[in-house]
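# Report on the structure
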Amino acid sequence: TVSVFCEEGLSFRDGQNLTNRFLSALAWSQNCGVHVLWAVGSSTEEPIRIGKSNVQHIAQHWEHLYLPVPKDIRGLRALAIYREAMSVNSYPYRFLGFFKIINILHSDGTKQKEWINRNIKNITEPRGVDRFKALSDKNPEIDIGSYLYHQVRCAVAHAFSEDVVDPDIAEESKQLEDDACLMKALAELMISQEFGVKTNPQFWESIRYLHEFPKDYVRTVKNQDDSV
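In what follows, the accompanying structure is described. If you're wondering where the values come from, they're calculated on a predicted model, not measured in any experiment.

Conventions used here
Residues numbered from 1 in each chain as written. Predicted model: local features only at pLDDT ≥ 70, side-chain atom pairs only at ≥ 80, totals over all residues. Heavy atoms only, no water. Helix = DSSP H or I, 4+ residues; strand = E, 2+ residues; numbered from the N terminus. Buried < 20%, exposed > 50% of the residue type's maximum accessible area, 1.4 Å probe, protein only. Contact = heavy atoms within 4.5 Å. Areas by Shrake-Rupley, 256 points an atom, 1.4 Å probe, with all protein chains shown as cover. Phe/Tyr/Trp six-rings, centres within 6.5 Å; stacked < 30°, edge-to-face > 60°. Polar contact = N/O pair within 3.5 Å; in protein donor to acceptor, adjacent residues only side chain to side chain. Patch = residues over 30% accessible without salt bridge, like charges linked within 9 Å, V, L, I, M, F, W, Y side chains within 5 Å. Salt bridge = Lys/Arg side-chain N within 4 Å of Asp/Glu carboxyl O. Core = buried A, V, L, I, M, F, W, Y, C linked by side-chain atoms within 4.5 Å.

We now examine the overall build of the protein. For the protein, the helix and strand inventory stands at nine helices and zero strands. Counting helices and strands in the order they occur from the N terminus, the protein gives α-α-α-α-α-α-α-α-α. Taking all 228 residues of the protein together, 35% fall into the buried category. Within the protein, contacts between residues at least 6 apart in sequence are counted, and of these 71% link residues at least 24 apart. Here the protein displays about 14500 Å² of accessible surface, and carbon together with sulfur accounts for 51% of that area.

Applying the stated rule across the entire model yields six aromatic pairs. Aromatic side chains Trp 28 and Tyr 82 sit 5.1 Å apart centroid to centroid with 75° between the ring planes, which places their arrangement in the edge-to-face category. Note that Trp 28 is positioned in helix H1 (residues 12–30) and Tyr 82 in helix H2 (residues 73–87), a separation of 54 residues in sequence. Per residue, the accessibility class of Trp 28 equals that of Tyr 82, and both read buried. When the centroid spacing of 5.0 Å and the interplanar angle of 75° are considered together, the rings of Phe 203 and Trp 204 count as edge-to-face. Phe 203 gets classed as buried once you look at its relative accessible area, which sits at 2%. Aromatic rings pair up to connect Trp 28, Tyr 82 and Phe 98 into one cluster.

Among the structural elements, Ser 29 can be located in helix H1. When its relative accessible area of 4% is taken as the criterion, Ser 29 is described as buried. A polar side-chain atom of Ser 29 sits 3.4 Å from a polar atom in the side chain of Asn 200.

So, on to a nonpolar patch on the surface. A surface patch of nonpolar side chains, amounting to about 310 Å² of accessible area, comprises Val 2, Val 4, Leu 10 and Leu 18. Turning to its location among the elements, Val 4 is positioned in the segment before H1.

On to the nonpolar core. Counting residues in each nonpolar core, the largest one holds 44 residues, and the members touching the most others are Ile 101, Ile 144, Leu 148, Leu 182, Met 183, Leu 186 and Ile 191. Of all elements in the fold, only H2, helix H3 (91–105), helix H4 (109–119), helix H5 (126–138), helix H6 (144–157) and helix H7 (170–193) reach the threshold of two or more residues within this core. Looking at this core, the element that brings in the most residues is H7, giving ten residues. Residue contacts for Ile 101: discarding those within four places in its chain leaves Ala 78, Ile 81, Tyr 82, Ala 187, Met 190 and Ile 191.

Next comes the structure, spelled out in structure tokens:
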């Protein structure tokens, strides 16, 4: 349960928007999806209660939680789409969600393919690396940008031709699962590299030695890093 309280007053929609931004930052930090089941407003000062329980505890690990604050709307949108993609229980649509993140920076297919080809060797996510290696071993001359754009993205998004993905075919479903892992690795690379949003490991690595300094200094550095 996420509750927002504002002494000055907050409209229901503004409260939803603020909560959604928080959930997208959380999804990025924790590398997971977050489903929103429902939202409700209240005029009281107490957190919204669920059922008969008095939900007012805070988990201990929240003291050590990294929540990124992107510098511009593109970064915010990227985290929102990332959360959406991670929350989809379908590898074809998860793939499309991750590909949309590339589209935030590059509007046309040619530039999207060029960006992928320039950056594919910089991915570090293990399942993405394994998929890229498998594709390269199968075809050393593969144009990975064209493959992901035409043979996967277009094959998932379209249904009018023969060269499309059939969700009932087990082999094609497994291929899409593997390709979604590769696309996830590329989307994460774009968010961290192009939009300047550190991953959870990158953030903690960047402040690894700050325990040697006074707490006020650590807090100042975190604020300068645009993270909370």
